[in-house]
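If you want the building blocks of each chain, they are given just below.
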Amino acid sequence: MPEATDKPRDHLPSAFDEAPTEQIETVTGVELMQGIGVQESRGFWAEAWAYVLTRKTALFGLTWIGIVAFFAAFSPYLANGHPLIFRSTTQAGESVTTYPLFAFLNAGDITIGVFAAFAIALILAPIGVRRSTRLRVLIFMGAQAGVTIAAGLYMLAEFKDRNAPDWMRRLESGEHFILLLAIGVSLIAFAIFAAMPYARARWRLLAAGAVACVTVPAMFFGLENPPETFGYREQVAAGTAEATYTLIPWSPNQRRTDLDLLNPGESYYLPQVRSLVIESDSAELDSESIESYIARLGELGIPPGEVEPLQSRLRRDLKNETPITAADFREELDDAVGPDFALGTDSLGQSVLSQMLYACRLSISIGIVSTGIAVVIGVTIGALMGYFGGWVDMVLFRVVEIFMAVPLLFLLIVAAAVLPRNTYVMMVIIGCFTWVGAARFIRAEFFKLRNMDFVQSARSVGLPLRSILFKHMLPNGITAVLVDASFAVAVAILFEAILSYLGLGPVDQASWGRLLSEATNQVGAFVPHLAIYPGAAIFLTVLSLTLIGESLRDAIDPRRKKARV
Amino acid sequence: MISYIVRRLLLMIPTLLGITFLVFMLVALSPGGIGASLSASGGQMDATSRAMQQAYLEDRYGLDSPPVIQYLRWLGRVSPIKFGKRDLVDPNGELISYPKKLDPPPLWDWIAGELPEARDAPPVEWPEPGEVVPEDDETPAEAVQRVKSRTHRRGTSDYIRERGRYVARQNEYETALVAYAQERGIKAAVTRDGKLNEGGLEGKEPDKASPVWERVQAAGERTMAAYQEALNARAESVAVFEARPFRQAGFPIIPGVLSVAMPDLGKSFSRSRPVSDLIAEALPITLLLNVIAFPIIYLIAIPSGMLAATRQGSWFDVISGTFFVALWAVPVVWAGVLAIGFLASDEYLGLFPVTGLHSQGAPDMTFLPARAGDGDWRAGYILDTAYHLFLPVLCLVYGGFAVLSKQTRAAMLENFNQDYVRTAKAKGVAHRDIVFRHVFRNSLLPLITMFATIFPAMLAGSVIVEKIFSIPGMGSLIIEAIGLRDREVILANVLMIGAVNIVALLLADILYALADPRIAFD
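Residues numbered from 1 in each chain as written. Chains lettered and ligands numbered in written order. Predicted model: local features only at pLDDT ≥ 70, side-chain atom pairs only at ≥ 80, totals over all residues. Heavy atoms only, no water.

What about the sheet that holds strand 1 (residues 85-89) of chain A?
Residues and elements named next belong to chain A.
Here is step 1: If you trace the three strands from one edge of the open sheet to the other, you get 2-1-3, paired in antiparallel fashion. Bordering the open sheet on either side are strand 2 (95-98) and strand 3 (241-244), each of which pairs with just one other strand. Neighbour-to-neighbour, the strand axes of this sheet turn through a mean angle of 10°, independent of strand direction. (Pairing = 2+ DSSP bridges. Helix = DSSP H or I, 4+ residues; strand = E, 2+ residues; numbered from the N terminus. Axes fitted to C-alpha atoms, helices over the stretch in contact; angles between N-to-C directions.)

Describing the packing of helix 18 (residues 408-418) of chain A against helix 19 (residues 423-433) of chain A
Residue and element names in this part refer to chain A.
Here is step 1: Remark: helix 18 packs on helix 19, axes separated minimally by 10 Å, with the N-to-C direction vectors making an angle of 150°. Between helix 18 and helix 19, the interaxial angle falls into the category roughly antiparallel. Once helix 18 is placed against helix 19, the crossing between them reads as right-handed. Where helix 18 abuts helix 19, its residues L408, L411, L412, A415 and A416 lie against M426, I429, I430 and F433.
Here is step 2: Considered class by class, the residues forming the contact of helix 18 with helix 19 number nine nonpolar, no polar and no charged. (Parallel < 35°, antiparallel > 145°, perpendicular 65-115°, else oblique. Left-handed = near helix turned anticlockwise from the far one by under 90°. Contact = heavy atoms within 4.5 Å. Nonpolar A, V, L, I, M, F, W, Y, C, P; charged D, E, K, R; others polar.)

Examining the interface of chain A and chain B
Here is step 1: The interface of chain A with chain B comprises 43 residues on the first partner and 48 residues on the second.
Here is step 2: The junction of chain A with chain B conceals about 4000 Å² of combined surface from both sides, 82% of it contributed by carbon and sulfur atoms.
Here is step 3: Looking only at chain A, the three residues that lose the most surface to chain B are F410, V418 and F526 of chain A, adding up to 17% of its buried area.
Here is step 4: Viewed at the interface, chain B and chain A are joined by one salt bridge.
Here is step 5: One salt bridge connects E550 of chain A with K406 of chain B, and the closest N-O pair in it is separated by 3.3 Å.
Here is step 6: Put simply, chain A and chain B have four residue pairs in polar contact (both at pLDDT 80 or more) between them.
Here is step 7: Those elements giving two or more residues to the side of chain A that touches chain B turn out to be helix 17 (390-405), helix 18, helix 23 (479-501) and helix 25 (528-555) of chain A.
Here is step 8: Element by element, the count of residues in the side of chain A that touches chain B is highest for helix 25 of chain A, at 12 residues.
Here is step 9: Here the residues of the side of chain A that touches chain B are counted per class, giving 34 nonpolar, five polar and four charged. (Buried area = accessible area lost by both parts, 1.4 Å probe. Salt bridge = Lys/Arg side-chain N within 4 Å of Asp/Glu carboxyl O. Polar contact = N/O pair within 3.5 Å; in protein donor to acceptor, adjacent residues only side chain to side chain.)

So, the sheet that holds strand 2 (residues 88-89) of chain B
Residue and element names in this part refer to chain B.
Here is step 1: Within the open sheet, the three strands sit side by side as 3-2-4. Their pairing is antiparallel. The two strands at the open ends of the sheet, each matched to only one other strand, are strand 3 (95-96) and strand 4 (247-248).
Here is step 2: Pairing of strand 2 with strand 3, which is carried by two bridges, proceeds in the antiparallel orientation. Counterpart to L88 in the pairing with strand 3 is I96.

Side note on the packing of aromatic side chains
Here is step 1: The full count for this structure, using the stated rule, is 21 aromatic pairs over all chains.
Here is step 2: When the ring of W315 of chain B is compared with that of F316 of chain B, the centres are 6.2 Å apart and the planes differ by 80°; the resulting orientation is edge-to-face.
Here is step 3: With relative accessibility at 65%, the residue W315 of chain B sits in the exposed group.
Here is step 4: Between F323 of chain B and F324 of chain B the ring centres are 6.1 Å apart and the planes differ by 40°, which places this aromatic pair in the tilted class.
Here is step 5: On the basis of relative accessible area, F324 of chain B is assigned to the buried category, the value being 8%.
Here is step 6: One aromatic cluster in this structure is built from F70, F71, F74 and Y77 of chain A. (Phe/Tyr/Trp six-rings, centres within 6.5 Å; stacked < 30°, edge-to-face > 60°. Buried < 20%, exposed > 50% of the residue type's maximum accessible area, 1.4 Å probe, protein only.)

Now the structure itself:
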């Protein structure tokens, strides 16, 4: 398929005439004409990508980012306190099967899950469309899905607002309100994205239509969920129900008041088991009282299927040990109740592993969206400054200087402290405060480009400014900005972690920074597992993005180019 | 060169205005606005006193005017060029400005035929030095000053009290007017959040048949009475001010209209202390941290960058590069938490103090290590401070190595490929001399500009480090101030840091020009 925006690249000689993996020494011109050592020409980005894949550090980074992205997309399906299948018996004796996990998925979860699965399939599919085209279509589809869901949530909040005008209230109390809202918002987003010239019209309609087909049902089923309650374990313990969970049977916001901080590998039932033995540590327990304690394990609410093996194991282990001190018996009990929380819990009794998985989504989405915002703002302002120069440059550069004058973290702390604490606001403030680098870079590039012949001729034939700036000049100047976006994502993730650490992050959201802040927050106590895992996750993510960025930077470095002939 | 520096310094002004305005508007946007923490601190109070206090606070800090006006007022105080009457400086160094103007209540013409005039206050005359009986061991001049201060204090507090009363009455009157407007169905007179919009009622005749009218009239008359009282109190306060109980601040340029005075950063809401004092306490601590950290970064990063460049591709090059990048990626919050947890906490190694800048009793220590009376060595003030600063400085420096050493390496490599190096090699200059005298000197240039990029990053980094280690520097100050929406402290901090930063950028540019004769600024 023809590629309008790729054309300027195709006319230029490929940046690298040598694929780095190949061991061809020198080739003479004659040999080249004979067809020896001739390589298939590839696009600029394909060439750069091939180089990146040869670097071990970059491969490590890509692997880690892949893992984080996978969890970001599928965490609700991997870690959820709602069972996948829940069979309960009603009082009338009927058996009812429900699927709570799917009932409680919200619109974002559904859309992200479907979209991620589709994206993986599309990128790997062996179809005849260039990968860069597929990637571009995917980026726009993702943007459309994100905008649709965010707009849907915003509209819902507006309709539910206390001060909403009467016509909004009438609509809101109407019968099919959610369905109408879902269709309306999706249609508007469809119209906007189908009109954007990012691919052929047929493809655009198809892609935007596919997204709308996902967002309408996703918003219909997931925009307004009942408040979450996790009463399943009580029912299972009472023997009236049976639950099948996914991999990690805990939601990040699931907490029990009787349960506080647990170390990695400790069990959910540990507090009950601990409170079971009331004797002082040095008291001797004979086999009779131990047997009574073992019998009482069954009354603690542990499901019958789990408690019976536990009891028999304890009986077997303690047969020859009696009499035993109460302290030793407690230890035996601690060991016996199996691990439930691989990474322990935080001070509210919420699973750390589950929170870490959900936090992947927060980090990745804030990193990507805020960098996107920053690049768009920065490129626009930088292009205007560089193209016009003079007083436009003078005035706009003062704006740039404002953001350079104070450390960004200061501004971010002020903004995050005073504005509403949610994910969207955080994306916007990080994006709006970090565009300066891109703007300065594009400005410098455009200063060089604006006197070049192709720009002069574009101007002389009377092309509109938009076309000169973004169609002719930008493709020649944006490479480095796109490569540096990798570092920008890393910095945005770092900012999010720091703000969350300071308690200024999105509320009610699992976040690595917030987990980390709990490691030392209690009076003088230090909780190693809350310090090590979330911190390591931030570190590895930032490191991976940096390594990828460095490899990409090397890949587009013209000094790497060597003559083969 | 001089004209370049002057131009840059002049361009600083719009930048600083922009940044403070941006921050001010952000703070003003916050729910509850700027005074949120002030009014929240009232505790248990009956409604009238709360209204009085609210009115007083809003009036005292000008919170009732729109944000842009508040910003301009702040600007007026900070700017060294002042308009209007010069302020007075009381013996404690606090600035006292001309008593504030008093606006008449809204729609006063509904209640009274004409605005009341202030009662004439007789001009204040001060006693001669001999006329006051000195207390304790005062000199006659001090005794007179005491009388002056007391008169001024009395006049001011009278006016503040009357003003507060008037504002509280005015609020009641406005509530009554809102009720009236709602009863009459005049929607334009009530804003969305239920406040009075004066314009909606202006020019209309009051409808005295309304059932709410009596309430409006009663509240209005009380307000007018309070207005009269406040006017009188103000006239007396003005008379005291005109008699100049204290010396005047600054220098006059056009007397009574234009003067030049020291910028006034205002007084913190939350701590009731001048902001300049708070900054004077906090800034040296932050600067100390940075002044210790900077040489460490340069001393480690530059030699390793040089070594990596001279042995390009060697194991040292690879390992130092990877290691520094890995260090750069360690988030400072993580490093701080781990350092506190494993190195400082008593549960683990317990090698270092967890928080603070000094041990208890540090003011009594000798400055240098010394042998005490019982023959034991005591660490002394300076070693104690170093001991406390070890972990914070560690957290501050480790991230800076990567950028600087990478830059050194790149600059050195670039210069190694230059013709003059080949020439030097060809004529037999020792390798050592090539590296240090030729290549390194020419590679210094980018390192100078690096200063400009590292400095803001270090300032930001020290915010987090100070927060983690509870060090009372600028970072702790600003984070606390933001939490309390303390307008003056936030703005003053932003102004200070902005100014320091821009000057650092300018300094880097000037150094660049000094170091490289090829660069000229016009």
